[in-house]
Amino acid sequence: MNVKTKEYLPGQHPDLPPPPGTFGIIGWLKSNLFSSISNSILTILSVYLMYLLIDGAINWFILDAVYDANDKPSCRKLGDGACWAVITRRVDQFIYGFYPHAERWRVDITFLMLFLAAAPLLYPEIIFRKYLLWFSGLYPFLAFILIKGGFFELELIDTNLFGGAMLTLIIGVTSIACSLPLGIILALGRQSNLKLVKILSVCFIEFMRGVPLITLLFVASTMLNYFLPPGTNFNLLVRVIIMMTFFSAAYIAEVIRGGIQAIPKGQYEAADAIGLTYWQTTRFITLPQALKISIPGIVNTFIGLYKDTTLVVIIGLLDPLGIGRAALADTKWNGLSTETYLFVALIFFISCFAMSRYSLWLEKKLSTDHK
Amino acid sequence: MVKKKQEKVIKINEMHKWFGTFHVLKNINLEVSQGERIVICGPSGSGKSTLIRCINRLEAHQKGDIFVNGIELSGDLKNLEAIRSDVGMVFQSFNLFPHLTVLENCTLAPIWVRKMPKKDADTLAMEYLTRVKIPEQAEKFPGQLSGGQQQRVAIARALCMKPQIMLFDEPTSALDPEMIKEVLDTMIELANTGMTMLVVTHEMGFANKVADRVIFMDEGEIIEQNTPKLFFTKPKNKRTKLFLSQILNH
């Protein structure tokens with residue numbers, strides 16, 4: 001192309017706008033969707049396929065769905081879409097398990113307080129953070145007192161009655177909250193110069209990573225009593241939480257170790273040179289950087305842990321998946337597995353998607369690179 | 001602290017160091033007076049960086065002794081951190097903490113090692129950031145600064161500990177030519193305040209202008225040392241002559 005551009009004296013060239021159609025919405029469409037004839041055809045085809053899918057999905061999920069009915073046959077008479085009655089009739093079980101109706105306000109309050117307790121930890125810019133952190137520290141005890149009861153006139157509730165999303169949250173949140181600090185300690189232990197600490201950390205990590213979680217849960221449900229002093233008989237739920245915590249702490253430790261090893265040697269030299277002690281270096285230099293690098297891996301492990309809580313079904317705890325299976329076993333609702341499992345999937349998806357988004361937000365917030 | 005002008009702040013006697021079986025420093029003898037400015041030069045791999053890294057024990061020596069401010073550096077030293085905080089160090093690759101702002105980089109050690117209140121540490125850091133001429137960058141992160149600016153922050157960070165000795169490990173080697181000058185100017189200003197300085201560098205102009213003594217090292221030994229004037233005009237050793245001809249004639 002011999003388009004003659006205007007000539008300027010050296011050093012006098014002004015900043016010109018880019019040629020039309022290479023920037024803005026039109027530029028984006030051109031380069032991303034319609035960059036060539038075949039790509040344009042593919043774009044149009046994809047849009048059509050998406051339309052077919054979404055149209056069908058909306059009909060099945062929402063427009064043709066039945067939201068209340070007495071059993072499956074009457075459901076099918078009322079509409080061609082999904083039969084959500086299997087869920088709506090048991091929604092309280094999906095949330096609370098078999099927690100007594102009259103006491104469910106305790107679960108609700110605990111759940112709402114969880115947000116208040118988590119806020120200062122997840123979102124450091126929050127107002128009154130100092131005071132809220134005290135609340136975060138108290139929260140585990142408050143939650144225990146409220147949910148389990150047995151104090152202050154609160155009726156004692158057997159943990160066998162815990163179930164549904166509440167059980168998932170209890171196991172998931174407790175294990176996540178405990179496994180991060182434990183994982184950090186194990187990661188530091190594995191990097192330690194103290195040989196014994198190092199060996200112990202390595203053994204713990206390798207053992208926990210080397211066995212399937214399900215075997216640990218069986219150990220928790222049956223064998224732990226043999227290893228503990230006779231007479232100690234603590235709760236199955238507590239044992240499950242301990243095993244879950246240990247299991248994910250081992251993974252977290254390895255993720256964080258990767259982060260620690262990614263820190264350039266110069267950082268430690270600089271910290272040494274200004275006179276920081278090992279613990280000061282760990283607190284101000286190593287961990288902030290290692291944890292930042294490890295965020296995707298840590299959240300990945302947490303999401304995995306959260307979903308692995310469904311394995312407790314096998315040792316007889318009724319999490320949402322267990323409740324769903326119980327619902328399907330009911331002759332009235334026999335065969336509605338699609339609806340049931342989709343709903344269980346949704347319960348987990350909400351939490352896991354939230355974790356995933358939070359980690360992206362955190363990564364962006366902590367990024368100090370020149371962009 | 002009142003010190004006599006000629007007091008020796010660093011004494012190194014017959015010091016040897018090995019990396020594994022590789023004999024990297026051989027029989028080093030060096031005394032540095034209070035306020036003295038020393039430039040150490042030599043070909044790469046000659047042990048000059050290792051030598052100054054031994055002075056704040058980033059590297060441990062295996063034989064001989066090193067005294068810094070009258071305290072011997074050895075393996076069973078209880079308060080190594082205390083000695084290190086009196087010896088400032090500036091690295092070739094800056095080694096700023098990327099997750100902390102410029103100001104936080106400077107105040108971290110004063111607050112946690114010197115136990116200074118945060119407000120005082122902030123004031124102190126701003127004072128030194130002003131001295132290295134970048135007070136306006138205090139709230140930025142290191143990754144947002146140019147190399148020269150980062151190195152000046154690193155100098156300010158070291159100075160915030162009010163060290164008695166400053167070690168510079170090739171402070172300008174990772175910089176673009178334009179930025180070398182701003183860092184050297186900062187170092188010259190520091191030299192004019194009477195700071196004891198040991199500088200590993202290939203900037204012979206700086207050596208000529210600032211140094212009280214130039215030390216030439218090769219293969220782990222101190223080959224020759226002299227005032228810059230004599231060192232550059234009348235080098236005695238063959239290897240020194242060769243080195244000088246290589247770096248000056250191009």
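How each quantity is defined
- Residues numbered from 1 in each chain as written.
- Chains lettered and ligands numbered in written order.
- Predicted model: local features only at pLDDT ≥ 70, side-chain atom pairs only at ≥ 80, totals over all residues.
- Heavy atoms only, no water.
- pLDDT = per-residue confidence, 0-100.
- Helix = DSSP H or I, 4+ residues; strand = E, 2+ residues; numbered from the N terminus.
- Axes fitted to C-alpha atoms, helices over the stretch in contact; angles between N-to-C directions.
- Parallel < 35°, antiparallel > 145°, perpendicular 65-115°, else oblique.
- Left-handed = near helix turned anticlockwise from the far one by under 90°.
- Contact = heavy atoms within 4.5 Å.
- Nonpolar A, V, L, I, M, F, W, Y, C, P; charged D, E, K, R; others polar.
- Pairing = 2+ DSSP bridges.
- Buried area = accessible area lost by both parts, 1.4 Å probe.
- Salt bridge = Lys/Arg side-chain N within 4 Å of Asp/Glu carboxyl O.
- Polar contact = N/O pair within 3.5 Å; in protein donor to acceptor, adjacent residues only side chain to side chain.
- Buried < 20%, exposed > 50% of the residue type's maximum accessible area, 1.4 Å probe, protein only.
- Disulfide = S-S within 2.5 Å.

**Quick look at the confidence of the model for chain A**
As a note on interpretation, predicted positions should not be read in detail where pLDDT is low.
Here's step 1: When pLDDT is averaged along chain A, the result is 85, and 95% of the positions lie at 70 or above.
Here's step 2: Mean pLDDT across the secondary structure elements of chain A bottoms out at helix α10 (residues 213–227) of chain A, with 78, and peaks at helix α12 (residues 265–273) of chain A, with 92.

**Digging into the packing of helix α3 (residues 102–112) of chain B against helix α4 (residues 118–131) of chain B**
Residues and elements named next belong to chain B.
Here's step 1: Closest axis-to-axis distance for the α3/α4 pair is 9 Å, and the angle between their directions is 125°. It follows that α3 is oblique to α4 by the angle criterion. Crossing hand, α3 versus α4: right-handed. Residues V102, L103, C106, T107, P110 and I111 of α3 form the contact with α4, whose own contacting residues are K118, A121, D122, L124, A125, M126 and L129.
Here's step 2: For the contact of α3 with α4, the per-class residue count stands at ten nonpolar, one polar and two charged.

**Some points on the pairing of strand β2 (residues 22–33) of chain B**
Here's step 1: Of the strand pairs in this sheet, strand β1 (residues 8–19) of chain B and β2(B) are connected by eight bridges, and their pairing is antiparallel. Note that in β2(B) the partner of B:K17 across the bridge is B:L25.

**Some details on the sheet that holds strand β6 (residues 87–90) of chain B**
All names here are of chain B.
Here's step 1: In spatial order, the strands read β6-β7-β8-β3-β9-β10; together these six strands make up an open sheet with mixed pairing. The open sheet has two edge strands, β6 and β10 (221–226), and neither has a second partner. Strand-to-strand, the axes of this sheet are offset by a mean angle of 20°, without reference to chain direction.
Here's step 2: For strand β9 (residues 213–218) and β10, the ladder comprises five bridges, and the chain directions are antiparallel. Bridging from a neighbouring strand, D218 pairs with E221 of β10.
Here's step 3: Against the sheet, helix α1 (residues 48–55) engages β3 (37–41), β6, β7 (165–169), β8 (196–200) and β9, with an angle of about 150° to β7.

**Quick notes on the interface of chain A and chain B**
Here's step 1: Contacts between the two partners involve 20 residues from chain A and, on the opposite side, 24 residues from chain B.
Here's step 2: Between chain A and chain B, a total of about 2,000 Å² is buried, with carbon and sulfur atoms accounting for 63% of that surface.
Here's step 3: The interface formed by chain A and chain B includes two salt bridges.
Here's step 4: A salt bridge links B:R84 to A:D272; the nearest nitrogen and oxygen atoms lie 3.7 Å apart.
Here's step 5: Applying the counting rule to chain A against chain B returns six residue pairs in polar contact (both at pLDDT 80 or more).
Here's step 6: Broken down by secondary-structure element, the contributors of at least two residues to the side of chain A that touches chain B are α12 and α13 (278–308) of chain A.
Here's step 7: If one sorts the elements of the side of chain A that touches chain B by residue count, α12(A) sits on top with eight residues.

**A word on the pattern of salt bridges**
Here's step 1: The final tally for this structure, using the stated rule, is 24 salt bridges over all chains.
Here's step 2: We note a salt bridge from B:R37 to B:D212, for which the minimum N-O separation is 3.3 Å. Of this pair, B:R37 sits in strand β3 while B:D212 sits in the loop between α7 (204–210) and β9; the two residues are 175 residues apart in sequence, bridging distant segments of the chain.
Here's step 3: Accessibility expressed as a relative area gives 32% for B:D212, which makes it partly exposed.
Here's step 4: One network of salt bridges, in which partners are shared, links A:R190, A:E206, A:R209, A:E254 and A:R257.

**Observations regarding the sheet that holds strand β5 (residues 71–72) of chain B**
All names here are of chain B.
Here's step 1: Spatial strand order, β2-β1-β4-β5: four strands in an open sheet with antiparallel pairing. Both outer strands of the open sheet, β2 and β5, are each paired with one neighbouring strand and no more.
Here's step 2: The pairing of β1 with strand β4 (residues 63–68) spans five bridges and is classified as antiparallel. Bridge pairing in β4 links I12 to I66.
Here's step 3: Contacts from α1 reach β1, β2 and β4 within the one sheet, and its direction differs from that of β1 by about 120°.

**Focus: the confidence of the model for chain B**
Here's step 1: Per-residue pLDDT for chain B averages 88, and the proportion of residues at 70 or more is 96%.
Here's step 2: The ipTM for the predicted assembly is 0.89, set against a pTM of 0.82.

**Topic: the state of the cysteines**
Here's step 1: The full count for this structure, using the stated rule, is one disulfide over all chains.
Here's step 2: Sulfur-sulfur distance for the disulfide between A:C75 and A:C83 comes to 1.9 Å. Torsion about the S-S bond of the A:C75 and A:C83 cystine: about 100°, corresponding to right-handed handedness. The pair formed by A:C75 and A:C83 is uniform in burial state, with each residue classed as buried.
Here's step 3: Unpaired in this structure, B:C41 has its nearest cysteine sulfur neighbour in B:C54, at a distance of 18 Å.

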